[in-house]
Amino acid sequence: MNAIEAQELTRDFGATRALDGLSFAVPRGQLFGLVGADGAGKTTAIRALAGLIALDGGRALVAGRDVASGGSLVRESLGLVPQQSSLYPDLSVAENLRFFARLFCLPKQDFRERSARLLGITRLEPFAGRRADALSGGMYKKLALACALLHRPEVLLLDEPTVGVDPVSRRELWALLHEFVAEGMTVLLSTPYMDEAERCHRVALVHEGRLLLEGEPGALLDDFARSPACRQTAPSFETLFLARLEQADRERERGDA
Amino acid sequence: MIGKERTERAEGTERMQKAGKRGRAWAVALAAVVRKEVRQTLRDRRVMFLLIVAPLLQTVILGYAVDFDFENVPTLVVDLDRTATSRMHARRLLADHTLQRQPGGASVTTATAELRSGKAAAAIVLPPGLERDVLAERPAEVQVLLDGTDPNRAMVVASAAARYFGETAEDLLRERLARAHVPPPPVIRAEPRALYNPGLETAPFMMPGVMTMLLVITTTIVTAMGLSREREMGTLEQVLVTPIPPLVLLLGKMTPPLVIGCFDVFLVLTAGVWLFGVPVSGPPAVLAAGTLLYLVCTLGIGLLISSVSKTQQQSFLAGFLFIMPAILLSGVMTPVQAMPAWLRMVTYVNPVRYFIEVLRGNLLKGAGFADLWWRLGALGMIGVIILFVATMRLRKRMA
């Protein structure tokens, strides 16, 4: 059973095609990575899956429901951590958590237990009274994550969660994500960092709104190591993805000619 | 059959329970948004200043500064006759302090130069031979030069001079008839009695205008900028991925400005009554109803502006683009009846016009629902239409 299904997602912004028939599926309980360069369409795909933008073509399904028609049932089943700021800077950590909990109509007892746990695992407990705009980049991301997880979503969408975060916080964030996935949550995240692809159960390389490559990181690397395109004895994800991007560009140039 | 009925009843109960749960969830979300908005407003000193202190300050300043009762208008007396009669007329003309004599004005040329430099607003030219003509019972002409750049002030001087010399001519005629032992003709005198504002003071007239202007400025701009701010900060998207319906979110964002707007009315009214003696003659229920309906309009306009703006700056500018013509076409400053017919048509869709009429009618004339019902109805209708269009646009944009 898939928790997320992107079926031929297409979206234009004026003359620019941001998503060009992008398709992938994420089974329940997996950590799925969307990898690609800046402007590849990762953020647009995540926004489409969250129901924040309408699609020009294709279907997005979250927790088995169509995002376009699922309404509040879809929103209750997903949590989103956007790329940019998404919290109220003039509210404290605790106030931000309480506000989002109320929007999900979380009972008070549930909220107390859940926020205590999330503040504990994100190590934000000592900063509960601090304003969101006074938090460091890493703490801010953790708070955004905590706000998105308050209502125990089935699916968590994260748009470049580690950008602008120091290495220690980055490691902690990844540890948290693996913890949530171990509890049965489905996580889809986008990242521009190729090294982070290795930490996902499955990974998809997106380029110009299209899917170039998808699979388990280990299997993808093994296949690449055996392919004639690989000129290294120990290929990395970076070389794999760069080789695939170059191949895609060559194919497009041939098509244009 | 019975089994089918039971199933239908059970389904109906389940639907009602779901609707009840949904309603409760929306109420909780609405309360959360209102609480958050109040908290943010209270913490933002600039917004607090804009909403509470600025209206009070502006009320006091506008109340004292805007005064149409002209007194001591700087006036030159160009006495070219230099006789006892000319000096007497100059003295009597200035006696009621509407005009105040300025030094200078030796000739018409110097008087004109002083009018141009702004040292005086008017010049009364008493011609040579004035005394001789008056004694010989010949017509005489006194020239009144006016600085027409301020038409209101010029009109005050013109009517003061016309009134004085009209009364002087009447006295001279009476003296002449008395000397000839002819009884004076019957006189028809107008006895003006100003109702609702017996002293014809400016403050009771202006205070409702000040309230109208302050409310439209604060509530429209604060509402318009509030949503744009959320959009700019990225928080709007985060809220939109929660189950809260856009309509509930908008309602939550409108509630604090609505309450603050009502508080501003109370504040400005208290200052008006206390400092400027503005009467509260009509039923307070009409005032409350008018204020609420007007606030629905101004908040709706704020939402409408935010539905077409991308940034706070755009919202602010769009707010002023609406507010300035809305105030000018409301009758706050000049009567609507004095406007050209095509502009008068525009005023019919201007909520500011109806609110100023409700305020002046209710506060000064003591008008109730029976007198003001159609203006309240117009406010309500405009408010509902604007709010409907704004929410539809925002819902579409948010979706």
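Quantities reported herein were computed from a predicted structural model and do not represent experimental measurements.

(A) Examining the overall build of chain B more closely. The secondary structure content of chain B amounts to 14 helices and four strands. The C-alpha atoms of chain B give a radius of gyration of 31 Å, which is well past the 21 Å a tight globule of 399 residues would have. Seen through its C-alpha atoms, chain B measures out along the principal axes to roughly 115 × 45 × 40 Å. Per-residue burial for chain B yields a buried fraction of 37% across its 399 residues.

(B) How the structure looks around the overall build of chain A. Check the secondary structure of chain A and you find eight helices and ten strands. By principal-axis analysis of the C-alpha atoms, chain A measures approximately 60 × 40 × 35 Å. Out of the 257 residues belonging to chain A, those deemed buried represent 46%. Restricting to contacts in chain A with at least 6 residues of sequence separation, those with at least 24 account for 69%.

(C) Seen up close, unusual backbone geometry. With a phi close to 55 degrees, cysteine 105 of chain A is a non-glycine residue in the positive phi region. You can see cysteine 105 of chain A is positioned in the loop between helix H3 (93–103) and helix H4 (108–121). Take cysteine 105 of chain A: there are 21 C-beta atoms within 10 Å of it, and that puts it in the buried class. At asparagine 72 of chain B, a position not held by glycine, the phi torsion is positive, near 50 degrees. Positionally, asparagine 72 of chain B belongs in the loop between helix H2 (45–65) and strand E1 (73–79).

(D) Broad picture of the domain arrangement of chain B. Each domain of chain B was delimited in the assignment, giving domain 1 (37–66 + 201–398) and domain 2 (73–179). Spacing between the C-alpha centres of domain 1 of chain B and domain 2 of chain B amounts to 47 Å.

(E) A look at the sheet that holds strand E3 (residues 122–126) of chain B. All names here are of chain B. Strand order in the open sheet formed by four strands is E2-E1-E3-E4, and the pairing between neighbours is mixed. Strand pairing shows two members of the sheet lacking a second neighbour, strand E2 (99–101) and strand E4 (143–146), which therefore form its edges. Ignoring which end each strand starts from, the neighbouring axes of this sheet average 30 degrees apart. Both E1 and E3 contribute to a ladder of five bridges, which runs parallel. Its bridge partner being in E3, leucine 76 is matched across the sheet by alanine 123. In this fold helix H4 (residues 108–117) packs onto E1, E3 and E4, with an angle of close to 165 degrees to the strand it touches most, E1.

(F) Inspection of the pairing of strand E6 (residues 78–81) of chain A at higher detail. Residue and element names in this part refer to chain A. Side chains of E6 alternate between two faces, with Leu78 and Leu80 and Gly79 and Val81 buried alike. Of the strand pairs in this sheet, E6 and strand E7 (residues 155–159) are connected by four bridges, and their pairing is parallel. Considered in E7, the bridge of leucine 78 is made with valine 155.

(G) A look at H3 of chain A. Residues and elements named next belong to chain A. The buried fraction of H3 is high, at ten of eleven residues. Listed in full, the buried residues belonging to H3 are Val93, Glu95, Asn96, Leu97, Arg98, Phe99, Phe100, Ala101, Arg102 and Leu103. Backbone geometry just downstream of H3 places cysteine 105 in the positive-phi region, at approximately 55 degrees.

(H) Structural view of the sheet that holds strand E8 (residues 186–191) of chain A. All names here are of chain A. Here we have six strands laid out as an open sheet, ordered E6-E7-E8-E3-E9-E10, and mixed in their pairing. Looking along the sheet, the strands with just one partner apiece sit at the ends: E6 and strand E10 (210–215). In this sheet, neighbouring strand axes are inclined to one another by 15 degrees on average, regardless of whether the strands run parallel or antiparallel. Of the pairings in the sheet, the one linking strand E3 (residues 31–35) to E8 comprises five bridges and is parallel in character. Residue pairing in the sheet places leucine 34 in a bridge with serine 190 of E8. Strands in contact with helix H1 (residues 42–49) are E3, E7, E8 and strand E9 (202–207); relative to E7, the strand with the most contacts, it is inclined by about 150 degrees.

(I) Expanded view of the interface of chain A and chain B. With 21 residues of chain A in contact, the opposing surface of chain B contributes 20 residues. Put simply, the parts of the chain that give the side of chain A that touches chain B at least two residues each are helix H2 (67–76), E6 and H3 of chain A. Among the elements that take part in the side of chain A that touches chain B, H3 of chain A stands out by supplying four residues, more than any other.

(J) Summary view of the packing of helix H7 (residues 202–233) of chain B against helix H11 (residues 312–328) of chain B. All names here are of chain B. Interhelical geometry of H7 versus H11 gives an angle of 160 degrees and a closest axis separation of 8 Å. When the axis of H7 is compared with that of H11, the two are roughly antiparallel. For H7 against H11, the interelement crossing comes out right-handed. In this structure, H7 uses Met213, Val216, Ile217, Thr220, Ile221, Ala224, Met225, Ser228, Arg229 and Glu232 to contact H11, whose residues at the interface are Gln312, Ser315, Phe316, Ala318, Gly319, Phe322, Ile323, Ala326 and Ile327. Residue composition of the contact of H7 with H11, grouped by class: twelve nonpolar, five polar and two charged.

(K) View of the environment of serine 306 of chain B. All names here are of chain B. Structurally, the position occupied by serine 306 is in helix H10 (residues 284–308). According to the C-beta neighbour criterion, serine 306 is buried, with 29 such atoms within 10 Å. Sequence separation of serine 306 and arginine 393 is 87 residues, and the distance between their C-alpha atoms is 9.7 Å. Contact partners of serine 306, with chain neighbours within four places excluded, come to Ala224, Leu227, Ser228 and Ser315.

(L) Main features of the nonpolar core. By size, the foremost hydrophobic cluster in this structure holds 147 residues, and its most contacted members are Leu49, Leu143, Ala146, Leu150, Leu157 and Val187 of chain A. If you tally residues by element for this core, the top one is H7 of chain B, at 14 residues. Counting residues in hydrophobic clusters, the runner-up holds 22 residues, among them Val73, Leu76, Leu115 and Ala120 of chain B.

(M) Structural detail: the pairing of strand E4 (residues 57–62) of chain A. Residue and element names in this part refer to chain A. Examined bridge by bridge, strand E1 (residues 2–13) and E4 share five bridges and lie antiparallel to one another. Paired with alanine 6 across the two strands is alanine 60, which belongs to E4. Here E4 runs beside strand E5 (residues 65–66); their pairing, made up of two bridges, is antiparallel. The residue bridging valine 62 from the neighbouring strand is arginine 65, located in E5. Linkage of E4 to E5, two consecutive antiparallel strands, is achieved through a turn of two residues, within which alanine 63 is found at a positive phi near 55 degrees.

(N) Structural context of H11 of chain B. Residues and elements named next belong to chain B. The first and last C-alpha atoms of H11 sit 25 Å apart over 17 residues, in line with the 24 Å expected at 1.5 Å per residue. Listing the buried residues of H11 in full gives Gln312, Ser315, Ala318, Gly319, Phe322, Ala326 and Ile327. Looking straight down H11, one finds that the buried residues subtend no more than 150 degrees of arc, so they occupy a single side. Looking at H11, the residues exposed on the side facing more than 90 degrees away from the buried face are Gln313, Leu321 and Met324. Where the residues of H11 are buried, they touch H7, H10 and helix H13 (351–365).

(O) Representation of the environment of glycine 36 of chain A within the structure. Residues and elements named next belong to chain A. Its place among the elements puts glycine 36 in the loop between E3 and H1. Here glycine 36 falls in the buried class, since 26 other C-beta atoms lie within 10 Å of it. In this structure the C-alpha to C-alpha distance between glycine 36 and valine 67, which are 31 residues apart in sequence, comes to 24 Å. Apart from residues lying up to four places away in sequence, glycine 36 is in contact with Lys42, Leu205, Val206 and His207.

The rules behind each value
Residues numbered from 1 in each chain as written. Chains lettered and ligands numbered in written order. Predicted model: local features only at pLDDT ≥ 70, side-chain atom pairs only at ≥ 80, totals over all residues. Helix = DSSP H or I, 4+ residues; strand = E, 2+ residues; numbered from the N terminus. Rg over C-alpha atoms; globule rule 2.2 N^0.38 Å. Buried ≥ 20, exposed ≤ 12 C-beta atoms within 10 Å, placed from the backbone. Contact = placed C-beta atoms within 7 Å. Domains from an automatic or database assignment. Pairing = 2+ DSSP bridges. Axes fitted to C-alpha atoms, helices over the stretch in contact; angles between N-to-C directions. Parallel < 35°, antiparallel > 145°, perpendicular 65-115°, else oblique. Left-handed = near helix turned anticlockwise from the far one by under 90°. Nonpolar A, V, L, I, M, F, W, Y, C, P; charged D, E, K, R; others polar. Core = buried A, V, L, I, M, F, W, Y, C linked by C-beta atoms within 7 Å. Expected span 1.5 Å × (residues − 1). Arc of directions from axis to C-beta.

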